[in-house]
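Working through the structure, step by step
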Amino acid sequence: IDVFQAWCGPCKPVVNLFQKIRNEVGSNLLHFAVAEVDSIDALEKYRGQCEPVFLFYTGGELVAVVRGADAPLLQKTILKQL
């Protein structure tokens, strides 16, 4: 989940990375979503940050968090979780 604030919007450059990985591993294994922290109370702790935050869930459990749009780290995290 790409967690963002309304004033900065979701991290568009990372969408291409997720699409590339999804095409490589299969669409059933990887799902991408965006969530605006200002409208979701459960994400309140991520408000007021100026860097993108990516939350990784497996089976409904938070398994990893990546702060910043670090493409190599995001790819490594995705592949590790898959």
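Here, every reference points to the structure presented above.
Since we're looking at a predicted model, the values are computed, not measured. (Residues numbered from 1 in each chain as written. Predicted model: local features only at pLDDT ≥ 70, side-chain atom pairs only at ≥ 80, totals over all residues. Heavy atoms only, no water.)

As a further point, take the overall build of the protein chain. Scanning the protein chain for helices and strands turns up 2 helices and 4 strands. Start at the N end of the protein chain and walk to the C end: the helices and strands fall as β-α-β-β-β-α. Relative to its length of 82 residues, the protein chain is compact, with a C-alpha radius of gyration of 12 Å against a globular reference of 12 Å. Viewed in the frame of its principal axes, the protein chain has a C-alpha envelope of about 35 × 25 × 20 Å. For the protein chain, buried positions account for 30% of its 82 residues. (Helix = DSSP H or I, 4+ residues; strand = E, 2+ residues; numbered from the N terminus. Rg over C-alpha atoms; globule rule 2.2 N^0.38 Å. Buried < 20%, exposed > 50% of the residue type's maximum accessible area, 1.4 Å probe, protein only.)

For the rest of this paragraph, the subject is helix H1 (residues 12–25). Side chains of residues three or four places apart in an α-helix project in the same direction, reflecting 3.6 residues per turn. An ideal rise of 1.5 Å per residue puts 20 Å on 14 residues; H1 measures up with 21 Å between its terminal C-alpha atoms. Those residues of H1 that fall on the buried side of the exposure criterion are Val14, Leu17, Phe18 and Ile21. Down the axis of H1, the sector holding all buried residues measures 95 degrees, keeping them to one side. Opposite the buried face of H1, by more than 90 degrees, sit the exposed residues Lys12, Asn16 and Asn23. On its buried face, H1 sits against strand E3 (53–58) and helix H2 (71–81). Where H1 terminates, the next one or two residues include Gly26, which has phi positive at roughly 110 degrees. (Expected span 1.5 Å × (residues − 1). Arc of directions from axis to C-beta. Contact = heavy atoms within 4.5 Å.)

Counting through the fold element by element, Val53 comes out in strand E3. Taking the C-alpha atoms as reference, Val53 lies 11 Å from Leu43; in sequence the two are 10 residues apart. With near-sequence residues (within four places) excluded, Val53 lies in contact with Ile1, Asp2, Val3, Tyr46, Val65, Val66 and Arg67.

A few words now on the sheet that holds strand E1 (residues 2–4). Spatial strand order, E2-E1-E3-E4: 4 strands in an open sheet with mixed pairing. The sheet is open, and its two borders are formed by strand E2 (34–36) and strand E4 (61–67), each paired with just one other strand. Across the sheet, the mean angle separating the axes of adjacent strands is 30 degrees when strand polarity is ignored. Pairing of E1 with E2, which is carried by 3 bridges, proceeds in the parallel orientation. Looking at the pairing, Val3 lines up with Ala35 of E2. Across the sheet, H2 touches E3 and E4, and the angle it forms with E4 is around 165 degrees. (Pairing = 2+ DSSP bridges. Axes fitted to C-alpha atoms, helices over the stretch in contact; angles between N-to-C directions.)

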